[in-house]
Amino acid sequence: MSVEVVDFRPFLDGSDKEKVADAILASFKTIGFVYLVNHGLPEDKINVMFQWAKKLFSAPMETKQLAPHPPSGAHHRGYSAPGREKVKQLGDESGADKLSDNSPSAEIQRDIKESFEVGREDDGEMPNIWYPASVLPGFKEVCLDFYWTCYETEKAILRALALAFRLPEDFFLQYHSKADNQLRLLHYPSIPSKVLENKNASRIPSHTDFCSLTMLIQDEVGGLEVEDPNRPGSFIPVPPVKGSIVVNAGDFLMRWSNDTIKSTVHRVRTPPSSEGGNTDSVIPPRYSIPYDSDTVVDCIPGTLSEARPKRYSPISTREYVMERLAANY
Ligand SMILES: O=C(O)CCC(=O)C(=O)O
Ligand SMILES: [Fe+2]
C-alpha cells in the first residue's frame, strides 16, 4: 500500500473535475492521505516561505523568543522552542510511542522540533504573535500572504471533496468561510541518530490531525510515515514527491463523514537515508509547512444510513481543537 499521487489540474481547469474529485475521496477512504501535484500553490511562494522559515529558525534563541508562544497550548500562535510541544493522542497517555524509561531527562522526551504558528490576522480569540518591527522585517507580510494563498488551494480541495460526495460544490466551503486556519512553520533540527533511535526523543510521534484537512509541504529530507490501515502498528513511508503537497484528512473530516473517510495516524521519524547507518551519524535538519483548517461539523448528508447510523453529534472545532492543543503543552 502507498499514498496515491493525484494530478489536481483537471479539477482546477475544469477539464475532468469528477475524476480528480473521486480519486481524492477514494484515497481519503482507503488511507486518509493523498499527494496532489499541480495543486495551484505557486512554487516561488513556497520557496520564499521555506527561505523565511530557515531565516527564522537560524536566528539566535533570544531573537526567536521575542514572539513567544503563550504558556497555554490553547493559544497556538507565535514561536515554540524545541521541546515545547509534545504531540499527544487523546486518551492515549501511554501511547504507541512510549519513550524508554532510561531517557536522560523529561525535557528530551518532548518533540525535538521548533515551530511558528500563524492564523488569520483578525482572529480576536487567538491573535497572532509577531516579532517587533525591527526583527525579521518582512516576515509577517510573507506569512500572511502565504496563509491566504494556501486558503485558495484549500477551498479548491474542499470543492473537489463536495463534488466527490455529489453535493453542491460549496457544501464544505460554507463551513470554512471564516478561514479559521493555521499555518505552521516547522523545523526539526539536525540530531544525532542515536537520540531518535533510542526513542529518547521524537520528531513528531504518532498522532492524527484534529482539523478537517491538512495540506503539508515537506522538504526533500523525508521521514513522514502513515500507519497502514490494514496493519495497525505498521507504517508506510510518505516520501517527498517533487512539486507535490500531501493532503490528509483530520479527525473532523472523519467524524463529519461518519467514519467513511479516515483520519490516519502518522509520525515523523528518521529519514530512510539515515536509517541503520553509523550510530554516530547525524540526521539532517528537516523543514515542513503544514496548513490546517477548523470548522463546525455534523455528518455529511449521504454518509448515514440504517446500517450506519449517525455516530457523532455536531461539534465546534474550536472547542475540540483548544482541548487538544492545551493537552500538548
Ligand atoms: O512535518 C511533517 O511532515 C508532519 C507534521 C505533522 O504531522 C503535523 O504538524 O501535524
Ligand atoms: Fe500531523
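Since this is a predicted model, take the numbers as computed values, not measurements.

Caption draft 1: Expanded view of the overall build of the protein. Per the secondary structure count, the protein includes 8 helices and 16 strands. Relative to its 329 residues, the protein shows a buried fraction of 42%. Long-range contacts, defined here as pairs at least 24 residues apart, represent 79% of the contacts in the protein between residues at least 6 apart.

Caption draft 2: Expanded view of the nonpolar core. Judged by nonpolar contacts, the single largest core of 68 residues is most densely connected at Ala 21, Ile 24, Val 34, Ala 160 and Leu 161. Broken down by element, the residue count for this core peaks at 11 residues, all from helix α5 (residues 139–164). Setting aside residues no more than four positions away along its own chain, Ala 160 makes contact with Phe 11, Val 20, Ala 21 and Ile 24.

Caption draft 3: Main features of the sheet that holds strand β7 (residues 204–207). Taken in spatial order, the 4 strands make up an open sheet running β7-β12-β9-β10, and their pairing is antiparallel. Edge positions in the sheet fall to β7 and β10 (235–237), since each has one partner strand and no second. Averaged over all pairs of adjacent strands, the angle between their axes in this sheet comes to 20 degrees, without regard to strand direction. As judged from the 2 bridges shared by β7 and strand β12 (residues 266–268), these two strands associate in the antiparallel manner. In the strand pairing of β12, His 207 is matched with His 266.

Caption draft 4: Main features of unusual backbone geometry. Phi angles above zero are rare outside glycine, and Asn 258 is one such case at about 55 degrees. Mapped onto the fold, Asn 258 is located in the loop between α7 (251–256) and β12. Residue class for Asn 258 comes out partly exposed when judged on the 19 C-beta atoms lying within 10 Å of it. We note that Asp 259 has phi near 70 degrees; this positive angle belongs to a residue other than glycine. With respect to the secondary-structure elements, Asp 259 resides in the loop between α7 and β12.

Caption draft 5: The arrangement of the confidence of the model for the protein in detail. When pLDDT is averaged along the protein, the result is 86; 84% of the residues meet or exceed 70. Counting interchain partners and residues more than four positions distant, the pLDDT-below-50 stretch residues 92–108 has 19 contacts. Listed scores for the predicted complex are pTM 0.86 and ipTM 0.99.

Caption draft 6: Quick peek at the sheet that holds strand β11 (residues 245–249). Sheet architecture is open: 8 strands sit in the order β1-β2-β11-β8-β14-β5-β4-β3, paired in mixed fashion. The open sheet has two edge strands with one neighbour each: β1 (5–7) and β3 (78–80). Taken over all neighbouring pairs, the strand axes of this sheet differ in orientation by 25 degrees on average, direction set aside. Running at roughly 150 degrees to strand β2 (residues 33–37), helix α2 (residues 17–30) makes contact with β1, β2 and β11 of the sheet.

Caption draft 7: Seen up close, the site of ligand 1. Surveying the vicinity of ligand 1 reveals the residues Arg 184, Leu 186, Ile 204, Asp 209, Leu 216, Gln 218, Leu 224, His 266, Val 268, Ser 288 and Pro 290. Those elements that place two or more of their residues in the shell around ligand 1 are β5 (181–188), β8 (213–218), β12 and β14 (286–293). Residues that form the shell around ligand 1 fall into these classes: 6 nonpolar, 3 polar and 2 charged.

Caption draft 8: Geometry of α5. Here α5 is 26 residues long and its end C-alpha atoms lie 37 Å apart, about the 38 Å a rise of 1.5 Å per residue gives. Phi turns positive, to about 55 degrees, at Arg 166, one or two residues after α5.

Caption draft 9: View of α2. In a regular helix each residue adds 1.5 Å, so 14 residues correspond to 20 Å; α2 covers 20 Å between its end C-alpha atoms and thus fits that length. All of the buried residues in α2 are Val 20, Ala 21, Ala 23, Ile 24, Leu 25, Ser 27 and Phe 28. Of the surrounding secondary structure, the elements contacted by the buried residues of α2 are β1, α1 (9–12), β2, α5 and β11. Two residues or fewer past α2, Gly 32 is found with a positive phi of approximately 80 degrees.

Caption draft 10: Broad picture of the pairing of β14. Summarising burial for β14: 7 of the 8 residues are buried, a large majority. Two strands pair when backbone bridges link them, and β5 and β14 are joined in this way by 6 bridges, in the antiparallel orientation. Looking at the pairing, Leu 186 lines up with Ser 288 of β14. Bridge analysis of β8 against β14 gives 5 bridges, and the strand direction is antiparallel. Across the sheet, Thr 214 pairs through a bridge with Asp 292, a residue of β14.

Caption draft 11: Region of interest: the packing of α2 against α5. Relative orientation of the contacting elements α2 and α5 amounts to 90 degrees, with a least axis distance of 8 Å. Classed by the angle they form, the pair α2 and α5 counts as roughly perpendicular. Contacts between α2 and α5 involve Lys 17, Glu 18, Val 20, Ala 21, Asp 22, Ile 24 and Leu 25 from the former and Ala 160, Leu 161, Leu 163 and Ala 164 from the latter. Tallied by class, residues from the contact of α2 with α5 come to 8 nonpolar, no polar and 3 charged.

Here is what the cut-offs are and how they apply
- Residues numbered from 1 in each chain as written.
- Chains lettered and ligands numbered in written order.
- Predicted model: local features only at pLDDT ≥ 70, side-chain atom pairs only at ≥ 80, totals over all residues.
- Helix = DSSP H or I, 4+ residues; strand = E, 2+ residues; numbered from the N terminus.
- Buried ≥ 20, exposed ≤ 12 C-beta atoms within 10 Å, placed from the backbone.
- Contact = placed C-beta atoms within 7 Å.
- Core = buried A, V, L, I, M, F, W, Y, C linked by C-beta atoms within 7 Å.
- Pairing = 2+ DSSP bridges.
- Axes fitted to C-alpha atoms, helices over the stretch in contact; angles between N-to-C directions.
- pLDDT = per-residue confidence, 0-100.
- Near = placed C-beta within 6 Å.
- Nonpolar A, V, L, I, M, F, W, Y, C, P; charged D, E, K, R; others polar.
- Expected span 1.5 Å × (residues − 1).
- Parallel < 35°, antiparallel > 145°, perpendicular 65-115°, else oblique.

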